[in-house]
Amino acid sequence: MGDSPRWMIWPENIALSALILFLVALPFLYAARKPAHDLLRSIGRLADGPLRLAARWLLAAAADMKERNKSVLLAHGREEVEQHIAREFERVAALVKRDLEGYPALQRKLLDEITRVEEDYRKCGEVPPPAPEWVEALAAITTIKSNGNEMVQRVLEEINRSVTEIHEKALVEYRNAYETRHKILDGFMPFWRSLDANLTQADKKLSSLHERAAAIDAQMERYELIVARSDKAEHGLTLSALTQFVVATLVMAIAAGGALINFKLIALPMSEMVGAGDYLTATLRTSEVAALVIIFVEATMGLFLMETLRVTHLFPRVSNLPERLRKRMMWTAFVLLLTLAGIEAALALMRDMLIADKQALLQSLAATQQAAAADGWLAHIPTAGQMLLGFILPFALAFIAIPLESFMTSARTVGGAALVILVRATAFVLRVAGNLLRQSTRALIIVYDVVIGVPLLIEHWVKASRGAAADDAPPATRTVLEVGEQP
Amino acid sequence: MMRRNLVAAAAALAALVLAGCTDQRSHAQAVYLLVDTSGTYAEEVDKAQLIVNYLLGTLQSGDSLAVARVRSRSFSEKDIIAKATFDGRPTQANAQKRVFRDQIAEFTKTARGSAYTDITGGLIQGAMFLNETGAGKKTILIFSDMQEELDKTTIRNFPIDLKEIRVVAVNVVKLKADNIDPRRYTGRLEAWQKRVEDAGASEWHVINDIEHLDALLKS
């Protein structure tokens, strides 16, 4: 009894208590209907207004960011295409210099060969003299009948002998002439072959030039699209940046694995140099930090090496250095990298020695005798492997500059696009939340009217019975419909 | 002049930042092993060598280790058989450990039993040694049956100071009388626990299986 809430008129019967209270409150709720509606509407507007405003501001900010991202992306893309085109022109220049430099000589050679072929062809055209005219006379003689005349017979035999002799001579001359022509024609072959080879070579050189020209055309087309700020160019560049970002992240993750292996190789021997008992934090030894510093210095040297080699362009000041200074810097970075690689190889050897020493100590401390380790060249393979790894990994780490550059450039685009999406999503959520709140207050107004439905019905009946058509207060059913409409 | 002042200020700031970055707390561990050589327990001294070898294999560069015997009166530096703070360089630390191992091996060969057992004196000596090392973790291992026996002139019934020191009783063998009445054994250990905790020790443990020592020392 004493534990019952104070509002309960009949502590044993909650429902009845609540009903009585409701009936008591009903006239007050009916009387306060208009202010309650206004209050709920105000609350709805109060919540919805700022949210809608914030959503609008966020959308505007997203549009601004998108435009800025587009400008940056296109500028970057334009720069990239310009570099591509410049590189293509350099290639074309190199091709022209290398291949077409000897073009006059090649042309002269071709002309010489053509002239010679023409001369030879002309020589082939010099046919042997035709058969003498007496052949026709001879044909006339053959029609002469001897009729057994010995004189005629002898003359004819003499003519036959002379003609046979002359025929044989003429035949030899013809054969010689054709042999000479065949020889000339045979001599054509090397010239034809040479001509063919020279023409093929010239064609090949010209076709590689043609390929480069096609590449330049493609780049120029891309460049025009970028300059025109087309959506196609933006889409292409965004996709390209996303691919670059993913690939660069992947390569950097692999490089991080390499750096971790490198760290494991040199962390233990570094304790021999800087001591194993000092700590920078509760769990981080100074020797481990020293090992990390060495790895970072190696990566930095690699970065500068790539920068001075103009492979990467992370520091414009480095690529703009005078040629002599740039080369000096390049050699300095390379020598430092080489030195660090040498140090790492030595540290890897030391690590092996330290582990062997520790193992020997533990074996001597153990009560039972351990099996003797395998001796000979097999035992040296891990040592040699560690040393080799220690030497190679710094150079491998040097190449991290390339994916790093890709990562940095593509991260701007990818990050910018992700930010735009995030801002838009936030704006959408705010808009939805605002709408939900506004609709909730409308629903509450309807619920309010439903709760005081009985007095409203009575009011409606009273008004209907009076027959008042133009009433200031709208009927209950109309009110219920009204509150659902747009304000 | 102004520029020089600026450079000096920057250098001082850098030094302060570096000093601030460095963790000034000691991460070293110091272990003081008391080896009971009195009466019949002297026969167990070979096991103590195993513990020392285990400690030598576990402790790192910068850690400290001392082994002392418990005799009729143990509050003396002369009872410390071997002590070392291992060098920061692993090779040097390994060399120190080898020397330490040899010293203990020599001790186990020549150890003689004593008439009385002054564990309290050993504890006081151990606490002094550990506090001098300035180590972050301080442990006293008592390799004994924990049966203290003092002669009439030795005074040890006063409060001792074992603040921030972990005390571990190792290989607490049961005496003949304990076998007759096990309550004597538990009562003895409880009395030691009370005394050690009253002295401000951070922890009290009893370990009869040496393999359990590993987990304790690593915690």
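Now for a quick tour of the structure. (Residues numbered from 1 in each chain as written. Chains lettered and ligands numbered in written order. Predicted model: local features only at pLDDT ≥ 70, side-chain atom pairs only at ≥ 80, totals over all residues.)

1. Looking at the sheet that holds strand β5 (residues 165-170) of chain B
Residue and element names in this part refer to chain B.
- Strand order in the open sheet formed by 6 strands is β3-β2-β1-β4-β5-β6, and the pairing between neighbours is mixed. Bordering the open sheet on either side are β3 (80-85) and β6 (203-207), each of which pairs with just one other strand. Going from strand to strand, the sheet's axes swing by 15° on average, the running direction of each strand aside.
- Sheet topology note: the strand β1 (residues 29-36)/strand β4 (residues 137-143) ladder contains 7 bridges and is parallel. The residue of β4 that forms the bridge with Leu34 is Ile142. (Pairing = 2+ DSSP bridges. Helix = DSSP H or I, 4+ residues; strand = E, 2+ residues; numbered from the N terminus. Axes fitted to C-alpha atoms, helices over the stretch in contact; angles between N-to-C directions.)

2. Re the pairing of β1(B)
Residue and element names in this part refer to chain B.
- Counting buried residues along β1, 8 of its 8 residues qualify, which places the element largely inside the surrounding structure.
- Burial along β1 is two-sided: the residues Gln29, Val31, Leu33 and Val35 and Ala30, Tyr32, Leu34 and Asp36 are all buried.
- In this structure, β1 lies alongside strand β2 (residues 64-70), joined through 7 bridges in parallel fashion. Within the sheet, the bridge partner assigned to Ala30 lies in β2 and is Ser64.
- Each parallel crossover has a hand, and the one from β1 via helix α2 (residues 45-58) to β2 is right-handed. (Buried ≥ 20, exposed ≤ 12 C-beta atoms within 10 Å, placed from the backbone. Right-handed = clockwise from strand over helix to strand, strands pointing away.)

3. Re the nonpolar core
- In terms of nonpolar packing, the biggest core is built from 44 residues, with Tyr32(B), Leu33(B), Leu34(B), Ile140(B), Leu141(B), Ile142(B) and Phe143(B) touching the most fellow members.
- Where this core is concerned, the elements lending two or more residues are β1, α2, β2, α3 (90-110), α4 (119-133), β4, β5 and α6 (182-198) of chain B.
- What Ile142(B) contacts, discounting residues up to four positions off in sequence, is Leu34(B), Ile119(B), Val167(B), Ala169(B) and Val170(B).
- If you look at the next biggest cluster of nonpolar residues, it comprises 30 residues, including Leu303(A), Ala333(A), Leu347(A) and Met387(A). (Core = buried A, V, L, I, M, F, W, Y, C linked by C-beta atoms within 7 Å. Contact = placed C-beta atoms within 7 Å.)

4. Structural notes on helix α5 (residues 150-227) of chain A
Residues and elements named next belong to chain A.
- In a regular helix each residue adds 1.5 Å, so 78 residues correspond to 116 Å; α5 covers 110 Å between its end C-alpha atoms and thus fits that length.
- Little of α5 sits out of view: just 3 of its 78 residues are buried.
- Turning to α5, its buried residues are Gln219, Arg222 and Ile226.
- Residues of α5 that are buried make contact with α2 (33-99) and α6 (231-274). (Expected span 1.5 Å × (residues − 1).)

5. Focus: the environment of His76(A)
- Within the secondary structure, His76(A) is located in helix α2.
- Along the chain, His76(A) and Thr409(A) lie 333 residues apart, while their C-alpha atoms are 8.5 Å from each other.

6. Here's the deal with the interface of chain B and chain A
- Of the residues lining the interface, 20 residues belong to chain B; the matching set on chain A comes to 16 residues.
- Mapped by element, the contributors of at least two residues to the side of chain B that touches chain A are α2 and α3 of chain B.
- Here the side of chain B that touches chain A gets 6 residues from one element, more than from any other, and that element is α3(B).

7. Some thoughts on the packing of α6(A) against helix α11 (residues 401-451) of chain A
Residues and elements named next belong to chain A.
- At a closest axis distance of 8 Å, the pairing of α6 and α11 adopts a crossing angle of 130°. Taken together, the axes of α6 and α11 are oblique relative to one another. The element α6 and its partner α11 pack so that their crossing is left-handed. Listed contacts from α11 to Thr238, Ala241, Leu242, Gln244, Phe245, Ala248, Thr249, Val251 and Met252 of α6 are Pro403, Leu404, Ser406, Phe407, Ser410, Ala411, Thr413, Val414 and Ala417.
- The residue makeup of the contact of α6 with α11, split by class, is 12 nonpolar, 6 polar and no charged. (Parallel < 35°, antiparallel > 145°, perpendicular 65-115°, else oblique. Left-handed = near helix turned anticlockwise from the far one by under 90°. Nonpolar A, V, L, I, M, F, W, Y, C, P; charged D, E, K, R; others polar.)

That's the geometry; what it means functionally is another story.
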